[in-house]
Amino acid sequence: MRKFTYVPAVFMVAAVMLTTACTSSQGTAATTTGSAGRAAATDNGAQPSQAGRLSVWKSEQLGPVVTDGAGFTLYRFDKDTAKPPASNCAGDCAAAWPPVLADGAKAGRGVDPGLLGSVKRADGTRQLTLAGWPLYRYAQDTAPRQTRGQGVGGTWFSAAPDGTKAKAQAQETPGEPKDLPALSTFDDKERGTIVRDGKGRTLYRFTKDTAWPMKSNCHGACLEKWKPAGLVGKKSIKGIDPKLLTPYTRSDGTKQLSIDCWPLYWYTGDEQPGDTNGHGVKGTWFTVRANGKLAE
């Protein structure tokens with residue numbers, strides 16, 4: 001009854017039915033406001049970000065991460081391309097993810113100047129690239145060295161110094177399950193049958209969210225620990241009725257998976273596949289059954 005900037009065609013009919021039932025009540029996409037390193041607004045409402053002297057800091061969770069001259073984390077978008085460089089983030093997307101301008105960019109310690117380049121955006125500005133990948137800041141990072149944008153929508157990742165995803169370096173966990181469906185169930189000895197994603201990460205519901213209308217109330221600092229689950233294709237589901245899945249559009253324009261109209265998340269505090277460390281946190285976070293009910 002009740003699903004990334006791309007929506008699998010297999011969900012289109014179900015999504016129309018479920019979106020009507022869930023009646024998501026959402027505001028407009030997040031916009032950036034004046035803070036260090038921001039430039040004048042472009043004609044599409046985005047607030048480009050000045051790069052300054054790039055540098056690298058080592059995150060305990062993500063490893064080496066590239067930052068701009070003000071110390072803010074820089075991100076790359078899976079729906080962009082590096083060969084040739086091209087940005088596919090504009091409009092509301094660019095308001096939530098301000099493109100980093102190439103003008104004045106310099107390679108600081110830990111950044112290879114040979115990997116820096118630029119790509120011309122549709123509005124005529126030139127965006128900084130790293131190993132061909134366009135770079136962005138995240139509007140909800142309000143202080144240096146925050147990584148609130150990591151994993152958002154399953155398509156946004158902090159940039160490593162070589163242009164790859166910082167996530168790939170941080171989450172190479174020995175024993176990670178292979179060839180799992182993108183969404184499935186597993187039997188936990190304490191919780192019973194609960195839902196997990198394709199990396200074996202347990203998925204959760206937040207009791208402060210609402211299903212009717214469908215709305216996420218996890219924003220800002222909350223997203224540092226609780227990451228929105230990405231959308232999945234119908235053929236990548238096992239043990240869950242696809243009709244219960246529908247996309248939820250977050251305030252920053254990204255898509256989040258929901259089950260029975262409840263937005264789903266994974267928890268950064270789970271260190272190994274199958275961990276359920278997030279269950280019961282603050283009395284508001286719980287694992288989820290295949291029908292969308294809480295596994296209390």
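Details of the structure are given in the entry above.
Let us look at the structure shown here. Remember, it's a predicted structure, so these values are computed and weren't measured experimentally. (Residues numbered from 1 in each chain as written. Predicted model: local features only at pLDDT ≥ 70, side-chain atom pairs only at ≥ 80, totals over all residues. Heavy atoms only, no water.)

Notes on the overall build of the chain
Reasoning step 1: Of regular secondary structure, the chain possesses 4 helices and 23 strands.
Reasoning step 2: The buried share of the chain, taken over its 296 residues, is 50%.
Reasoning step 3: As presented, the chain carries roughly 13100 Å² of accessible surface, and 52% of it is formed by carbon and sulfur atoms. (Helix = DSSP H or I, 4+ residues; strand = E, 2+ residues; numbered from the N terminus. Buried < 20%, exposed > 50% of the residue type's maximum accessible area, 1.4 Å probe, protein only. Areas by Shrake-Rupley, 256 points an atom, 1.4 Å probe, with all protein chains shown as cover.)

A short note on the sheet that holds strand β18 (residues 226-228)
Reasoning step 1: Read across the sheet, 4 strands follow the order β18-β22-β15-β23 without closing on themselves; strand pairing throughout is antiparallel. Whereas interior strands pair on both sides, the edge strands pair on one side only; in this sheet they are β18 and β23 (285-287). When the angles between neighbouring strand axes are averaged without regard to direction, this sheet yields 45°. (Pairing = 2+ DSSP bridges. Axes fitted to C-alpha atoms, helices over the stretch in contact; angles between N-to-C directions.)

So, unusual backbone geometry
Reasoning step 1: Backbone torsion omega between Lys83 and Pro84 reads 0°, so that peptide bond is classified as cis.
Reasoning step 2: Its place among the elements puts Pro84 in the loop between β5 (81-82) and β6 (85-86).
Reasoning step 3: Here the bond from Trp212 into Pro213 is cis, since omega is 0°, no more than 30 degrees from zero.
Reasoning step 4: Structurally, the position occupied by Pro213 is in the loop between β16 (210-211) and β17 (214-215).

Things to note about the sheet that holds strand β8 (residues 106-107)
Reasoning step 1: With respect to topology, 3 strands assemble into an open sheet ordered β3-β2-β8, the strand pairing being mixed. Across the chains shown, the open sheet's two edge strands, defined by having one partner strand only, are β3 (63-67) and β8.

Topic: the side chain of Asp80
Reasoning step 1: Structurally, Asp80 is set in the loop between β4 (75-77) and β5.
Reasoning step 2: Buried and without a salt bridge, Asp80 has Arg121 as its closest oppositely charged side chain, separated by 6.6 Å.
Reasoning step 3: Ignoring anything within four residues of it in the chain, the contact list for Asp80 reads Ala86, Ser87, Asn88, Cys89, Trp133, Pro134 and Tyr136. (Lys, Arg positive; Asp, Glu negative; His and termini not counted. Salt bridge = Lys/Arg side-chain N within 4 Å of Asp/Glu carboxyl O. Contact = heavy atoms within 4.5 Å.)

Section: the nonpolar core
Reasoning step 1: Ranked by internal contacts, the top residues of the largest apolar core, which has 20 residues, are Cys89, Trp97, Trp156, Cys218, Trp226 and Trp285.
Reasoning step 2: Counting residues in each nonpolar core, the second largest holds 15 residues, with Leu183, Ile237, Leu245 and Leu257 among its members. (Core = buried A, V, L, I, M, F, W, Y, C linked by side-chain atoms within 4.5 Å.)

Comments concerning the environment of Leu116
Reasoning step 1: Topologically, Leu116 is positioned in strand β9 (residues 116-120).
Reasoning step 2: C-alpha separation for the pair Leu116 and Trp133, spaced 17 residues apart in sequence, amounts to 9.2 Å.

Some words on the pairing of strand β20 (residues 255-259)
Reasoning step 1: In terms of residue burial, β20 counts as a mostly covered element, since 5 of its 5 residues are buried.
Reasoning step 2: Residues Lys255, Leu257 and Ile259 point to one face of β20 and Gln256 and Ser258 to the other, with burial holding for every one of them.
Reasoning step 3: Summarising the sheet, strand β19 (residues 245-249) and β20 pair through 5 bridges and their orientation is antiparallel. Within the sheet, the bridge partner assigned to Pro247 lies in β20 and is Leu257.
Reasoning step 4: Between β19 and β20, which pair antiparallel in sequence order, lie 5 residues; one of them, Gly253, sits at a positive phi of approximately 90°.
Reasoning step 5: Pairing geometry for β20 and strand β21 (residues 262-263), over 2 bridges, is antiparallel. Each residue of the ladder has a partner; that of Ser258, found in β21, is Pro263.
Reasoning step 6: Counting the residues between successive antiparallel strands, the hairpin from β20 to β21 contains 2 residues, one of them, Asp260, with a positive phi of roughly 55°.

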